[in-house]
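Structural characterization, general
One letter stands for each residue in the lines below.
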Amino acid sequence: MDRSQKEELVAGLHRVFDETTLVVVTQQSGMTVTEASALRRQMREAGASYKVTKNRLTRLALEGTQFEALKDLFTGPTAIAVSEDPVAAARVCVAFAKANDKLTIVGGAMGSTMLDPNGIKALASLPSLDELRGKLIGVLQAPATKLAGVTQAPAAQLARVFSAYGSQGEAA
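Notes on the structure follow. (Residues numbered from 1 in each chain as written. Predicted model: local features only at pLDDT ≥ 70, side-chain atom pairs only at ≥ 80, totals over all residues. Heavy atoms only, no water.)

Let's talk about the overall build of the protein
- The secondary structure content of the protein amounts to six helices and five strands.
- Mapped in sequence order, the helices and strands of the protein form the string α-β-α-β-α-β-α-β-β-α-α.
- Expressed as a percentage of its 172 residues, the buried residues of the protein come to 33%.
- In the protein, 78% of the contacts between residues at least 6 apart in sequence involve partners at least 24 apart.
- Of the roughly 10500 Å² of accessible surface on the protein, a fraction of 57% belongs to carbon and sulfur atoms. (Helix = DSSP H or I, 4+ residues; strand = E, 2+ residues; numbered from the N terminus. Buried < 20%, exposed > 50% of the residue type's maximum accessible area, 1.4 Å probe, protein only. Contact = heavy atoms within 4.5 Å. Areas by Shrake-Rupley, 256 points an atom, 1.4 Å probe, with all protein chains shown as cover.)

Some remarks on the nonpolar core
- Judged by nonpolar contacts, the single largest core of 22 residues is most densely connected at V24, L39 and M43.
- Top contributing element to this core by residue count: helix α4 (residues 88-99), with six residues.
- The residues contacting V24, other than those within four sequence positions of it, are A79, I80, A81, A89, A90, C93, I105, G107, G108 and I120.
- With 15 residues, the next largest nonpolar core counts L62, F67, L70 and V82 among its residues. (Core = buried A, V, L, I, M, F, W, Y, C linked by side-chain atoms within 4.5 Å.)

So, the sheet that holds strand β3 (residues 78-83)
- What the five strands build is an open sheet, ordered β2-β3-β1-β4-β5; its pairing is antiparallel. The strands lining the two open edges of the sheet, one partner per strand, are β2 (48-52) and β5 (113-115). Averaged over all pairs of adjacent strands, the angle between strand axes in this sheet comes to 20 degrees, irrespective of strand direction. (Pairing = 2+ DSSP bridges. Axes fitted to C-alpha atoms, helices over the stretch in contact; angles between N-to-C directions.)

Section: the environment of L22
- Of note, L22 is situated in strand β1 (residues 22-28).
- The class of L22 is buried, set by a relative accessible area of 0%.

What to know about the pattern of salt bridges
- Applying the stated criterion to the full structure yields four salt bridges.
- E63 serves as the salt-bridge partner of K71, at 3.5 Å between the closest nitrogen and oxygen.
- A salt bridge links K71 to E68; the shortest N-O distance between them is 3.7 Å.
- Owing to a relative accessible area of 22%, K71 belongs among the partly exposed residues under this scheme.
- Linked by salt bridges that have partners in common, E63, E68 and K71 make up one network. (Salt bridge = Lys/Arg side-chain N within 4 Å of Asp/Glu carboxyl O.)

This is the structure in structure tokens:
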């Protein structure tokens, strides 16, 4: 890899760090190509990405970003998982690490907040941003639905009373 390719790689990683919300740093040792491909596929499906990085170049790319404090975690065979959704990358990493002991979560950061492996696991247990939005919409719609039911109830009761009188009149 020549100098211009390294500069492009550092610039690309720097852009990724500027645009993302969550970075999870992992170490993988002994992962097969099939396992790594499965992890990347799961990441893509969740809206995240997973990339094996060169430690020195990643440390250079971290300079001047909100994730600069992660520099010390880049030793040994490391990879990063990034996502704009604050839960997606953490959830996939934690689930994959449970099923495969070759992947170890070293730490990460959400914005400028550093997270240890337990913090990443706690973050992975939270509902995703879309799930939270759905719950919020449900909470907001519930009063309107109840209000509509309450306002329609007297009319429905009145209609049932008229119907009952009508059926009694036909029977007589």
